[in-house]
Amino acid sequence: MIRVFLVDDHAVLRAGLSAMLESTGEMKVVGQAGDGNEALNAEALLTCDVLVLDFSLPRISGSEVLRRVRARRPELPVLVLSMYPEDQLGLQVLRDGASAYLSKSRSPEELLSAIRRIARGGTYLTDTLAAQAAQGPRDKEAAPHAQLSPREHQVFMLLLQGRTASDIAAELDLHSSTVSNNIRRIKEKLRVQTQGEIVAYGHRFGLIT
């Protein structure tokens, strides 16, 4: 039996996923959480075999939950299930330690296959990510955000989710000057001047729906 912990801020989605996983007869949902802070403090995080994690969460973001889970339980397979496009974020999230990254537009059958694969210790690549990985690095001029460091990328995604600099500092437990420096470097790499232009950039590259 594969013990699954679900983390998503939409209760209806969690209920649907839970019913689907339990209907297989080989998976059991041992816990659910609606935000990142709740997830990190849940007992189920210590007992589950697979964590299914939404990328966009209130209070503590999915990227920060992933980072802390990797530090706490490095062996735990994490499947990131997200509204963000696979070809924009998938490989970065895998590099950050996830075992799979699936868009929420993927079929239930593929989600189940991915959970089974990573529960056995493997990594699951969708056809989109497999093709992207085979093509090698993208043209940096075509995707400037590919040049961001892992921490800069994390701050960048939180800015796209509407977090302020002070929100980000509190969420990531960073000094405000550290966040400000990250935002400055993000602006330089994206060749923009304001945080509003960062958000506009996210829309342009399909990172905000």
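Everything numeric here is computed off the predicted structure, so don't read it as measured data.

A. Examining the overall build of the protein more closely. Summing up its helical and strand segments, the protein has 11 helices and 5 strands in all. Relative to the compact-globule value of 17 Å for 209 residues, the protein shows a C-alpha radius of gyration of 17 Å, a close match. By the burial criterion, 50% of the 209 residues in the protein qualify as buried. Sequence separation of 24 or more characterises 64% of the internal contacts of the protein that already satisfy a separation of 6 or more.

B. Broad picture of the sheet that holds strand β1 (residues 2–7). Sheet architecture is open: 5 strands sit in the order β2-β1-β3-β4-β5, paired in parallel fashion. Edge positions in the sheet fall to β2 (27–33) and β5 (100–103), since each of these pairs with one other strand and no more. Neighbour-to-neighbour, the strand axes of this sheet turn through a mean angle of 20°, independent of strand direction. Across 6 bridges, the pairing between β1 and β2 is parallel. By the bridge assignment for β2, V7 is matched with A33. In this fold helix α4 (residues 62–72) packs onto β3 (50–54) and β4 (78–82), with an angle of close to 155° to the strand it touches most, β3. On top of the sheet, helix α6 (residues 108–119) reaches β1, β2, β3, β4 and β5; it is set at about 160° to β4, its chief contact.

C. Quick look at the nonpolar core. Counting residues in each nonpolar core, the largest one holds 49 residues, and the members touching the most others are F5, V7, L51, L53, V69, F156 and I198. Here this core gets 6 residues from one element, more than from any other, and that element is helix α8 (residues 150–160). Every residue in contact with L53, bar those within four places of it in the chain, is listed here: V7, G62, V65, L66, V78, L79, V80 and L81. Residues I2, V29, L81 and L102 belong to the second largest nonpolar core, which totals 20 residues.

D. Quick peek at the environment of A19. The residue A19 is located in helix α1 (residues 11–23) in this model. On the basis of relative accessible area, A19 is assigned to the partly exposed category, the value being 49%. For the pair formed by A19 and V29, sequence separation is 10 residues and the distance between their alpha carbons is 8.8 Å.

E. Summary view of the environment of V65. Secondary-structure assignment places V65 in helix α4. Excluding anything up to four places from it in sequence, V65 contacts G36, L40, L53, L57 and I60.

F. Expanded view of the pattern of salt bridges. Enumeration according to the criterion identifies 16 salt bridges in this entry. Between K104 and D54 there is a salt bridge, and its shortest N-O distance comes to 3.5 Å. With K104 in the loop between β5 and α6 and D54 in strand β3, this pair connects stretches of sequence that are 50 residues apart. Given a relative accessible area of 32%, K104 falls into the partly exposed group. Ionic pairing is found between R185 and E152, a salt bridge with its closest N-O pair at 2.7 Å. Of the two residues, R185 is situated in helix α10 (residues 176–190) and E152 in helix α8; the sequence distance between them amounts to 33 residues. If you follow the salt bridges from partner to partner, you end up with E64, R67, R68 and R151 in one network.

G. Molecular detail of the pairing of β1. Across the 6 residues that make up β1, a large majority, 5, are buried. Each parallel crossover has a hand, and for β1 linked through α1 to β2 it is right-handed. Where β1 meets β3, 4 bridges bridge the pair, whose relative direction is parallel. What sits directly across from L6, in β3, is V52.

The rules behind each value
Per chain, residues are indexed from 1 in the order of the written sequence. Where local features are concerned, this predicted model is filtered to residues with pLDDT of at least 70; where side-chain atom pairs are given and counted, the filter is 80 or more; whole-chain, interface and lining totals use all residues. With hydrogens and water set aside, each side-chain value is computed from the structure's full complement of heavy atoms. Working definition: helices are DSSP H or I runs of at least four residues, strands are E runs of at least two. Numbering for both runs from the N terminus. It is over C-alpha atoms that the radius of gyration is taken, and the globule rule equals 2.2 Å times the number of residues to the power 0.38. Between buried and exposed lies partly exposed: a residue is buried under 20% and exposed over 50% of the maximum accessible area for its type, with that area taken using a 1.4 Å probe on protein chains only. Contacts are residue-level and defined by heavy atoms, with any inter-residue pair within 4.5 Å sufficient. The rule for pairing is simple: two strands pair if DSSP sees at least two bridges between them. Each axis is a line fitted through C-alpha atoms, and for a helix only the stretch in contact is used; angles between axes span 0 to 180 degrees, taken between their N-to-C directions. Note on terminology: a nonpolar core comprises buried Ala, Val, Leu, Ile, Met, Phe, Trp, Tyr and Cys residues joined through side-chain atoms within 4.5 Å. Salt bridge criterion: a side-chain nitrogen from Lys or Arg within 4 Å of a carboxyl oxygen from Asp or Glu. Every crossover in which the path from the first strand over the helix to the second runs clockwise, viewed with the strands pointing away from the viewer, is termed right-handed.

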